Amino acid sequence: MRDLFSRQMEKLHVELIEMGALCEQAISRAYQVLMEEDPKAAEELRKKDAAIDAKEREIESICLKLLLQQQPVASDLRQVSAALKMITDMERIGDQASDIAEIVQTTHLKAPSTDIKIKEMAQITQRMVSKSVDAYVKQDLIIARQVIQEDDLVDRLFDEVKRELVERLQDQNSSGEQTLDYLMIAKYYERIGDHATNIAEWVEFSITGQHEGEQG
Amino acid sequence: MKRRIFRNEVILVVLAVVLTFFSMSWFMYSNLSEQMQENARDECRIMAYAVNTYGEEYVETAGGRTHNRVTLIDSDGTVLYDSVEEASSMENHSGRPEFERAVQSGSAQLSRFSDTLETQTYYYAIRLDNGDVLRLASSFDSVFSFIFSGMAGVILLILAILIVALMFANRMTRKLVEPINQLDLEHPMENVAYDELEPLLKRIDQQQNKIGEQVEQMKQNQEEYMTITEYMKDGLIVTSQSDVLSINRSAQELFDVTARECVNHNIITVSRNQELKEALDEALTGKSNERLLEVKGRTYQLLANPVRVNGQISGAVILVLDVTEKQKAETMRKEFSANVSHELKTPLMSISGYAEIIENNLVKPEDIPKFAGRIHSEASRLSSLVEDIIKLSRLDESDKSILMEDVELYQLCKDVEGQLMLRAKERNIQIGVEGLPVVVHGARQVLYEMVYNLCDNAIKYNKPDGKVKISVGCTKNRHPMIRVEDTGIGIPKDEQERVFERFYRVDKSHSRATGGTGLGLSIVKHGAILHDAKIDVDSTPDVGTSITIEFGA
């Protein structure tokens, strides 16, 4: 019985990492679509997003099975409940990555010029997603906290991007629609950063039993 | 063990008790009944004598005084007296066998069991002198009731024996087994508790030795494996169907994990890299495969092979090789061949172009020398290019046949200076050699080429009225060195590494204005490799370049 339980827990762990890997791949495809205007990447991204949705349902059913059949307690229970929360964040990351690609594809958006810091935002959020999955894989508090701190950086970058885009809007020569698209993309990246932070917080919760939101 | 001992013990004891009981009973009983019969016989004889002597009235007196039954029967069978019953109510006894036999032979004896077998009656009859028969009947317990009366005791005894036997079996088993349980199986021959156990212990000892040898062998194999895998430069991961079985140090470093984190866990804990997973999945379907993997800016080659045990795929072995350098060399080689064909084609095309114009009579006769001159210069460019390529390929092979001798560098530089003096003058550039004579063991021709190419470049890429200084001497470490300094256009910092590549030019236009093949510095680099020399570039754009060759560094 316990043997089955630990097998199921291991499976949950592996599936969750796989889902994290899919998220990483999705967001890096989104980056390719945005920066390199690579239509093949967009096609791959759609597949990844579908795979992420399927994984979410699979992990959900594993979690529910674990909860109903094994009634885990203490840290096991935390692991399962954290997994349940993390998959929603991961699923959102997948969705937002494909949303970014969709904006680029439908509006034939050019890669943003270097004076708009969307590229930096994209790179940092990519790193955050990677690190949050790393933190889960290694059950590492330090990495998790790094991710949580990095979110401030993304927020600051978003403010900067917003300011630059506002200036652009006032400039008569630039296309207003494009500027707004950039703002949307920046917002999506900011959201992805938030989701990565959420994942990191759930990792922290599953290790310590303390959720970031509870303090202060 | 205990149960068996107990059972055997009980069977043995109970059998012994029962047998003893029966045989003893039988023996005692037969003795006893003989005694009784004798007594009855004697009593009857005495009584008969007394009756014969004192008359039949005596029977009544005697019958009342004995516990045996006394009967006096008339010769016709009528009972005259009985000590138990009334004589008149008794039937005629003439048919009784003891009576008949007593009448015939004077006396008779007979034993009869009662209906219930509980008692046995012994009859003794004597014919008196007057023809009457005196019978004495003695009753006593039969053999069965005799045995039966002892039975209760025997059963009690057996019960007692059972209890004692149980206790005894318990103790015996414990005592027997204790030394066996406490055997030191590591050294079985040192504590032979029972001689009977010795063959077993001997076998255990042999087995122990065998196991020890095998363990030792396995340990050694394991150590060998560990030594090989831990110290190899390439990453090695061994997996089962899904989990990592072992991962060596190089692979741990490469994927930034520790063995503790991923051994016996899914391969995904090692790396979430898609290529790795795909390589493993493919290997697990039985196909060996290889693919390239990018990690932290370096290129790795993944070789995944299935492991088959009894024809079934039980896992996979993944080898990770760092092929960054190889990859780089590969691209360089490709670039080189592309460049060579391009560089060779350009002069050829112009030669053939000029020749074609002349052939078609499109050139005025007075212009022909000019065209011939162009053809000549292109042809000599081509031949110098081919010459350079030959030199380079010779250096590439690091031909053993290159003659190594002691070469004096100062004189060598002087020679180069003399050779280039004219060209320097054309551009109004001062060239000079300074320093001390130094001897280096090397190939004179190659060293000459090196210095020549360096100085040639120094003149070519100099500004008008510039200077070229050749210094010969020793470094602080007493290593021989040559330094060529110019006041030319210099090399940008990020290109200083690349100028030694073949056909590489800082000026990407491949302009022919300065001439040159683009192979000069490449020859210098390969010459330096041949002489174990180190090249040091120090250059500031628009100020000048200083290139130092340090030998034996």
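Residues numbered from 1 in each chain as written. Chains lettered and ligands numbered in written order. Predicted model: local features only at pLDDT ≥ 70, side-chain atom pairs only at ≥ 80, totals over all residues.

## Details of the overall build of chain B
And then number 1: Helix and strand counts for chain B stand at 13 helices and 17 strands.
And then number 2: When each of the 553 residues of chain B is scored for burial, the buried share is 24%.
And then number 3: Counted over contacts in chain B with a minimum sequence separation of 6, partners at least 24 positions apart contribute 55%. (Helix = DSSP H or I, 4+ residues; strand = E, 2+ residues; numbered from the N terminus. Buried ≥ 20, exposed ≤ 12 C-beta atoms within 10 Å, placed from the backbone. Contact = placed C-beta atoms within 7 Å.)

## A look at the overall build of chain A
And then number 1: On a plain count of helices and strands, chain A comes out with 6 helices and 0 strands.
And then number 2: At a minimum sequence separation of 6, the contacts of chain A that also span at least 24 residues come to 80%.

## Quick notes on helix α6 (residues 176-208) of chain A
And then number 1: Look at α6(A): 48 Å from first C-alpha to last across 33 residues, which is about the 48 Å you get at 1.5 Å a residue.
And then number 2: In the segment just after α6(A), G209(A) is the residue with positive phi, at about 85°. (Expected span 1.5 Å × (residues − 1).)

## Describing the sheet that holds strand β4 (residues 119-127) of chain B
All names here are of chain B.
And then number 1: Read from one edge to the other, the open sheet built from 5 strands follows the order β2-β1-β5-β4-β3, with strand pairing classed as antiparallel. Every other strand in the sheet has two partners, leaving β2 (79-82) and β3 (107-113) as the edge strands with one partner each. This sheet shows a mean twist of 20° between the axes of neighbouring strands, independent of strand direction.
And then number 2: Of the pairings in the sheet, the one linking β4 to strand β5 (residues 133-141) comprises 9 bridges and is antiparallel in character. Looking across to β5, one finds that T121 is bridged to S139.
And then number 3: Against the sheet, helix α2 (residues 58-65) contacts β1 (69-73), β2 and β5, and its axis sits at roughly 160° relative to β1. (Pairing = 2+ DSSP bridges. Axes fitted to C-alpha atoms, helices over the stretch in contact; angles between N-to-C directions.)

## Let's talk about the packing of helix α2 (residues 39-70) of chain A against helix α3 (residues 74-107) of chain A
All names here are of chain A.
And then number 1: Contact geometry of α2 with α3 gives a least axis separation of 9 Å together with a crossing angle of 165°. Taken as axis vectors, α2 and α3 run roughly antiparallel relative to one another. The chirality of how α2 crosses α3 is left-handed. (Parallel < 35°, antiparallel > 145°, perpendicular 65-115°, else oblique. Left-handed = near helix turned anticlockwise from the far one by under 90°.)

## Focus: the confidence of the model for chain B
And then number 1: In the predicted model, chain B carries a mean pLDDT of 84, and the fraction of residues at 70 or more is 96%.
And then number 2: For this predicted complex, the interface score ipTM comes out at 0.73, while the overall pTM is 0.56. (pLDDT = per-residue confidence, 0-100.)

## Overview of the environment of A316(B)
And then number 1: Within the fold, A316(B) resides in strand β10 (residues 312-322).
And then number 2: Apart from the residues lying within four places of it in its own chain, the contact partners of A316(B) are T239(B), L280(B), A283(B), L284(B), A304(B), N305(B), P306(B) and V307(B).

## What about the sheet that holds strand β9 (residues 298-309) of chain B?
Residues and elements named next belong to chain B.
And then number 1: An order of β7-β6-β10-β9-β8 is seen for the 5 strands of this open sheet, with the pairing classed as antiparallel. Two strands bound the open sheet, and with one partner strand each, they are β7 (244-247) and β8 (289-295). On average, each strand axis in the sheet is tilted by 20° relative to the strand beside it, whichever way the strands run.

## Structural notes on helix α5 (residues 141-170) of chain A
Residues and elements named next belong to chain A.
And then number 1: In this model α5 runs 45 Å from its N-terminal to its C-terminal C-alpha over 30 residues, within 8% of the 44 Å that 1.5 Å per residue would give.
And then number 2: Among all positions of α5, only I143, A144, V147, I148, E150, D151, V154, L157, F158, V161, E164 and L165 are buried.
And then number 3: For α5, the secondary structure elements touched by its buried residues are α4 (118-138) and α6.

## Quick word on the interface of chain A and chain B
And then number 1: In this complex, chain A contributes 10 residues to the contact, which on the side of chain B involves 6 residues.
And then number 2: Where the side of chain A that touches chain B is concerned, the elements lending two or more residues are α1 (2-36) and α4 of chain A.
And then number 3: Counted by class, the side of chain A that touches chain B contains 5 nonpolar, 2 polar and 3 charged residues. (Nonpolar A, V, L, I, M, F, W, Y, C, P; charged D, E, K, R; others polar.)

## Observations regarding the pairing of β4(B)
A regular strand carries its side chains on alternate faces of the sheet.
All names here are of chain B.
And then number 1: In terms of burial, β4 is a largely internal element, 7 of the 9 residues being buried.
And then number 2: Where β3 and β4 come together, 7 bridges link them in antiparallel fashion. When the bridges of β4 are listed, S107 appears paired with I126.
And then number 3: Between the antiparallel neighbours β4 and β5 lie 5 residues, among them G131 with a positive phi of about 95°.

## Brief notes about the pairing of β5(B)
And then number 1: Here 5 bridges tie β1(B) to β5(B), and the two strands are oriented antiparallel to one another. Paired with I73(B) across the strands is V133(B), a residue of β5(B).

## Here's the deal with the confidence of the model for chain A
And then number 1: Of all residues in chain A, 97% have pLDDT values of 70 or greater, and the mean over the chain is 87.
And then number 2: Averaged pLDDT values over the elements of chain A bottom out at 87 in α1(A) and peak at 90 in α2(A).

## Examining the nonpolar core
And then number 1: Counting residues in hydrophobic clusters, the biggest one holds 84 residues, and the most contacted among them are C23(A), I27(A), A30(A), A83(A), M121(A) and A186(A).
And then number 2: Here the element with the most residues in this core is α6(A); it accounts for 13 residues.
And then number 3: For A30(A), the contacting residues outside a window of four places in its chain are L45(A), A97(A), I100(A) and A101(A).
And then number 4: Listed in part, the 37 residues of the second largest apolar core include V407(B), V446(B), V499(B) and L519(B). (Core = buried A, V, L, I, M, F, W, Y, C linked by C-beta atoms within 7 Å.)

## Describing the packing of helix α1 (residues 2-54) of chain B against α2(B)
Residues and elements named next belong to chain B.
And then number 1: Remark: α1 packs on α2, axes separated minimally by 9 Å, with the N-to-C direction vectors making an angle of 150°. Classified by the angle between their axes, α1 and α2 sit roughly antiparallel to one another. Residue-level contacts link M47, A50, V51 and Y54 of α1 to Y58, V59 and A62 of α2.
And then number 2: The residue makeup of the contact of α1 with α2, split by class, is 7 nonpolar, no polar and no charged.

## Looking at unusual backbone geometry
And then number 1: In this model, A74(A) sits at a positive phi of 50°, which is unusual for a non-glycine residue.
And then number 2: By secondary structure assignment, the location of A74(A) is in helix α3.
And then number 3: Residue class for A74(A) comes out exposed when judged on the 8 C-beta atoms lying within 10 Å of it.
And then number 4: Located in the positive-phi region is D532(B), a residue other than glycine, with phi close to 55°.
And then number 5: Looking at the element boundaries, D532(B) is found in the loop between α13 (520-530) and β16 (534-540).

## Overview of the environment of F113(B)
All names here are of chain B.
And then number 1: Along the chain, F113 falls in strand β3.
And then number 2: Judged by local crowding, F113 falls into the partly exposed class, with 13 C-beta atoms found within 10 Å.
And then number 3: Distance in space between the C-alpha atoms of F113 and D141 is 9.7 Å, their sequence separation being 28 residues.

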